[in-house]
Amino acid sequence: VITSACAQLAAWQGLGLQVAMSINVSSRQFQQDALVTRIANCINQYRLDPQDLILEITEQIFMEEAEAVVQRVQALRTLGVKISLDDFGTGYSSLNYIVRFSPDYLKIDRSFIGRIGEQIQHNGMVEAIVGLGRVVPLGVVAEGVETQEQLDFLISCGCNFAQGFYFSEPRCAAEIGAYLATHGASVELH
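Residues numbered from 1 in each chain as written. Predicted model: local features only at pLDDT ≥ 70, side-chain atom pairs only at ≥ 80, totals over all residues. Heavy atoms only, no water.

Caption draft 1: Broad picture of the pairing of strand 1 (residues 19-24). In terms of burial, strand 1 is largely enclosed, as 5 of its 6 residues are buried. Of the pairings in the sheet, the one linking strand 1 to strand 2 (residues 53-58) comprises 4 bridges and is parallel in character. Bridge pairing links asparagine 24 to glutamate 56 in strand 2. (Buried < 20%, exposed > 50% of the residue type's maximum accessible area, 1.4 Å probe, protein only. Helix = DSSP H or I, 4+ residues; strand = E, 2+ residues; numbered from the N terminus. Pairing = 2+ DSSP bridges.)

Caption draft 2: Representation of the packing of helix 3 (residues 35-45) against helix 5 (residues 66-79). The N-to-C vectors of helix 3 and helix 5 enclose an angle of 10°; their axes lie 10 Å apart at closest approach. It follows that helix 3 is roughly parallel to helix 5 by the angle criterion. As for the relative orientation of helix 3 and helix 5, their crossing is right-handed in sense. Residues Leu35, Val36, Ile39 and Ala40 of helix 3 form the contact with helix 5, whose participating residues are Arg72, Ala75, Leu76 and Leu79. Its residues assigned to classes, the contact of helix 3 with helix 5 shows 7 nonpolar, no polar and 1 charged. (Axes fitted to C-alpha atoms, helices over the stretch in contact; angles between N-to-C directions. Parallel < 35°, antiparallel > 145°, perpendicular 65-115°, else oblique. Left-handed = near helix turned anticlockwise from the far one by under 90°. Contact = heavy atoms within 4.5 Å. Nonpolar A, V, L, I, M, F, W, Y, C, P; charged D, E, K, R; others polar.)

Caption draft 3: Focus on the nonpolar core. Residues Ile23, Phe30, Ile39, Leu53, Leu55 and Leu76 are the most contacted members of the largest nonpolar core, which totals 31 residues. Among the secondary structure elements, those contributing two or more residues to this core are helix 1 (2-14), strand 1, helix 3, strand 2, helix 5 and helix 6 (95-101). In this structure, leucine 53 is in contact with Cys6, Leu9, Met21, Ile23, Ile39, Ile43, Leu48, Val81 and Lys82, ignoring residues within four places of it in sequence. By size, the runner-up hydrophobic cluster in this structure holds 21 residues, among which are Leu85, Ile98, Val126 and Val140. (Core = buried A, V, L, I, M, F, W, Y, C linked by side-chain atoms within 4.5 Å.)

Right under this line is the structure:
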């Protein structure tokens, strides 16, 4: 998956598109000793700017083999790869993880986004996570945006990025490339 994603990113960039790509990395993948070498090889093979790669990892990873995780995160950061803490708020969210592992992004889980407008505490949780992103500072990505109301609320909070069916259903690589070529904007894919 990592190799395919890097090859696709290189293909889009070869067309002159300015894009970055997030890649979900499972706990099992992240624990593999060869992960950092595999990422480094892909960066070299496809001549990628490592800043264009964002590895999405869950909080669960931080609870397993903490020292090995710290070393892997540091090695990936040395390569220039960005780290995103996925599904933030659904597990054992800890400010300690944010301080210790210094992710570049927090991804607010869709379960929070889907409840925007239902009850004030749901809105408050989203506002708090976005506020945390401003204080630390790091980028905040809202996943699962499906309505204009959700998007408007996220914009009013100062959320940096959003993804979901409101913008597009999942598409194949060729359709994404055509969309990006048509719209010509710099886009960050999450």
